[in-house]
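Observations on the three-dimensional arrangement
Spelled out, the chains give:
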Amino acid sequence: MAERALLSPRAITGTRPGVGTLLWRMVRRRRITGVGGGLILLAVVAALAAPLLSSYDPNALNVSDRLLPPGHAHPFGTDEFGRDILSRTLYGARLSLLVGALVTLLATTGGIFIGLTAGAGPKADRILMRIMDGVMAFPDILLAIALMASLGPSVRNVVLSLGFVYTPRVARVVRAAVLVVIRLEYVEAARAVGASGARVLARHILVNCASPVIVQATFITAYAMLGEAALSFLGVGVPPQVPTWGGIIAAGQVYLRQASWISIFPGVAIILSVLALNLIGDGLRDFLDPRLRHA
Amino acid sequence: MLSYLTGRVVSLVPVLFVVAVVVFLLIHVTPGDPARVLLGQDATPEQVQNLRHEMGLDRPLGVQFILWLGRAFHGDLGISLFQRIPVTADIIQHAGPTVTLSLMAITVSLLIGIPAGVVSAVFRNSWLDQGSLALAMLGAAVPSFWLGLSLIVVFAVNLGWLPSSGYRTPGEGFGLSLHYLILPALALGLPNSSLIIRFTRSSLLDVIGNDYIRTARAKGVSERGVIFHHALRNALVPILTVVGLTFAALMGGAVVTETVFSLPGVGQLVVSSVLRRDYPVIQGVILMVATVYVMINLAVDLLYFLVDPRVKY
């Protein structure tokens, strides 16, 4: 009995199903999750294969082709400099997805670290969570704008600003999960056999907080992509020469009357990507934590 | 109840303190010397030195913070570098459009969110339910600025029904003001209704499962009566929290929406201040908005007493 208690619950259930099996089960439970997964896969492939999918340089100026409506040569039309909107949207996907992924990485790493520390001791908890509450008292976009004002426009600073803004959301989720898990018997058992505090946190507690963190991370990717688009739209995000979805929409704003396609297509790209991530997030939550199914 | 109230208000102190620290530190995370940044590249070393002294930048950071906080507490948020007027006055000048837009947008969110959520819960698993949830999914994915531009294309450019930009104060005529604010309020309110739809639905579904709903049905209360008198009133409490959250999201979204529709509000003030690197204004606005947000959450908590007499602390 004592030996069994040392094993984590995962080990007791026997052989683990592979990632593929798990994904299949998740999609079977909610078909639309598969649609979300497909859309994101499509966005990633489109971003990577941008040079193959469009023969135009996203920054190539061609004055004779300016403000052309969507047609055979330019499926999404052209902007005021004759630049191809399809290829700008495809290259914009690279930046949006990159920023989404990096912000998620930053916020998740920071959030796990803060959440674990807070969950492990009441003193750290009080201080850290008050700080998190304070940071969350700012509307996301407004704090990101203010940070961008201080740091200056660049891709790195967009990632830093949005990462900072979203860290508390991960920290809260991790802390809540730690507070539940830390009382379970197997944690006590691990302590009893002499595992160090840090080892218990990393090996036994963190692993069992994974589900809520994965779910939250998916939603944060979606927020980050919307946030980046808003910052670039306002002209305080990525420098204007880099094609971004928000930036293309902002540039099209002036030509809304003559050439609304400039703004329309990158907007559809944002909506589909964010929708896809939210669908995946809902599917993951449903699959990983059935208690929350109706939340 | 009094002790709860006191506790609730006291708990705001650390949150507001952190807010103040973050706002104060904003200017100090700027790469390089803030005084140099404010004066620009052409400033002489003496000018920089003078401004450093004037701003108190040559003092220890802790002292600077306490002095700054003391002034902020009295409503002195510094002088706008661009306008050369007190930041507080600058913000108050721009507050009107933002407050009006936020109130109209939250009205739109509630007018769409609550009926859609109720319909969704009452006709659970029907096509109406699916439709409401699809609307909620879509709302969460649409950037409000893109929706704003699309509304301009349809209703201002193509149909010519509504103006594409600009602002009229309610003083110039309520109808006229409304005319200018319909599109911005829709652009901001529609995406923010999605959280309200989902929460109204799940909150109502929770309540509908209760025994007293079955009792009400059993004693012959009409279905309409059951939903509106018995279920929705009890479902309102969790919905209130979401309204508070939505309002916070709205205040952030207003920044972007104002830019789309050229509304001379706080959002436009912030964006133009970022481009002008007018740090005191940026600091002032986000300090004020975060404080308002904290107060709204307090107000929502207190509203619980009115909505749900069972809530006792």
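Rules behind the numbers
Residues numbered from 1 in each chain as written. Chains lettered and ligands numbered in written order. Predicted model: local features only at pLDDT ≥ 70, side-chain atom pairs only at ≥ 80, totals over all residues. Helix = DSSP H or I, 4+ residues; strand = E, 2+ residues; numbered from the N terminus. Buried ≥ 20, exposed ≤ 12 C-beta atoms within 10 Å, placed from the backbone. Contact = placed C-beta atoms within 7 Å. pLDDT = per-residue confidence, 0-100. Core = buried A, V, L, I, M, F, W, Y, C linked by C-beta atoms within 7 Å. Nonpolar A, V, L, I, M, F, W, Y, C, P; charged D, E, K, R; others polar. Axes fitted to C-alpha atoms, helices over the stretch in contact; angles between N-to-C directions. Left-handed = near helix turned anticlockwise from the far one by under 90°. Parallel < 35°, antiparallel > 145°, perpendicular 65-115°, else oblique.

Describing the overall build of chain B
- When helices and strands are tallied, chain B shows 12 helices and 0 strands.
- In chain B, the succession of α and β elements from N to C terminus is α-α-α-α-α-α-α-α-α-α-α-α.
- Each principal axis of the C-alpha atoms in chain B carries an extent, and together these give about 85 × 60 × 35 Å.
- Relative to its 313 residues, chain B shows a buried fraction of 38%.
- Considering only contacts within chain B whose residues lie at least 6 apart along the sequence, 71% involve residues at least 24 apart.

Some words on the overall build of chain A
- Broken down by element type, chain A carries 14 helices and 0 strands.
- Principal axes of the C-alpha set define a box for chain A whose edges measure 80 × 45 × 30 Å.
- Within chain A, buried positions represent 48% of all 295 residues.

What about unusual backbone geometry?
All names here are of chain B.
- Notably, N125 is not glycine yet its phi reads approximately 70°, a positive angle.
- You can see N125 is positioned in the loop between α5 (87–122) and α6 (127–141).
- Given 8 C-beta atoms within 10 Å, N125 falls into the exposed group.
- At R277, a residue that is not glycine, the phi angle is positive and equals roughly 55°.
- Mapped onto the secondary structure, R277 falls in the loop between α11 (266–276) and α12 (279–307).
- On the neighbour-count criterion, R277 (17 C-beta atoms within 10 Å) is partly exposed.

Some words on the confidence of the model for chain A
Residue and element names in this part refer to chain A.
- For chain A, mean pLDDT is 83; residues scoring 70 or higher make up 93% of the total.
- Here helix α1 (residues 2–6) stands out as the element of chain A with the lowest mean pLDDT, 45, in contrast to helix α9 (residues 155–181), whose mean of 92 is the highest.
- Low confidence marks residues 1–7, where pLDDT is under 50. Its contacts with residues over four positions away, or in another chain, come to 8 contacts.

Considerations on the nonpolar core
- Among the nonpolar cores identified, the biggest contains 162 residues, and I145 of chain A together with I286 of chain B are the most heavily contacted of them.
- Of all the elements, helix α10 (residues 223–261) of chain B adds the most residues to this core, at 16 residues.
- For I145 of chain A, the contacting residues outside a window of four places in its chain are L231, L234 and V236 of chain A together with V255, V270 and V274 of chain B.

A word on the environment of V159 of chain A
All names here are of chain A.
- On the secondary structure map, V159 appears in helix α9.
- Considered as a pair, V159 and L234 are 75 residues apart in the sequence and their alpha carbons are 16 Å apart.
- Once residues within four sequence positions are removed from consideration, V159 is found in contact with V99, L102, V103 and L106.

Here we look at the interface of chain A and chain B
- Each partner contributes to the interface: chain A provides 39 residues, whereas chain B provides 41 residues.
- Mapped onto the side of chain A that touches chain B, the elements with two or more residues apiece are α7 (122–136), α8 (140–151), α12 (210–234), α13 (245–253) and α14 (261–288) of chain A.
- Here the side of chain A that touches chain B gets 10 residues from one element, more than from any other, and that element is α8 of chain A.
- Here the side of chain A that touches chain B is composed, by residue class, of 26 nonpolar, 9 polar and 4 charged.

Notes on the packing of helix α6 (residues 85–120) of chain A against α14 of chain A
Residues and elements named next belong to chain A.
- At their nearest, the axes of α6 and α14 sit 10 Å apart, and the two run at 35° to each other. Crossing handedness for the pair α6 and α14: right-handed. Only W261, I262, F265, P266, A269 and S273 of α14 make contact with α6, whose side of the interface consists of I85, T89, G92, A93 and S96.

Quick look at the environment of G78 of chain B
- Tracing the backbone through its elements, the reader meets G78 of chain B in the loop between α4 (61–73) and α5.
- Discounting residues that sit within four places of it in the chain, G78 of chain B has contacts with V87, P280 and G284 of chain B.

Section: the confidence of the model for chain B
- For chain B, mean pLDDT is 84; residues scoring 70 or higher make up 96% of the total.
- Across the predicted assembly, pTM comes out at 0.87 and ipTM at 0.87.

Observations regarding the environment of R36 of chain B
Residue and element names in this part refer to chain B.
- Inspection of the secondary structure puts R36 in helix α2 (residues 34–39).
- Here R36 falls in the partly exposed class, since 16 other C-beta atoms lie within 10 Å of it.
- Measuring from C-alpha to C-alpha, the distance between R36 and V48 comes to 5.8 Å, with 12 residues separating the pair along the chain.
- Beyond its immediate sequence surroundings of up to four residues, R36 is in contact with A43 and V48.

Focus: the packing of α6 of chain A against α12 of chain A
Residue and element names in this part refer to chain A.
- The geometry of α6 relative to α12 is characterised by a closest axis approach of 8 Å and an angle of 135° between their N-to-C directions. Judged by the angle between their axes, α6 and α12 are oblique. Seen along the crossing, α6 lies across α12 with a hand that is right-handed. Of α12, the residues touching α6 (which contributes S96, V99, G100, A101, V103, T104, A107, T108 and I112) are V213, A217, I220, T221, A224, M225 and E228.
- In terms of residue class, the contact of α6 with α12 is built from 10 nonpolar, 5 polar and 1 charged.

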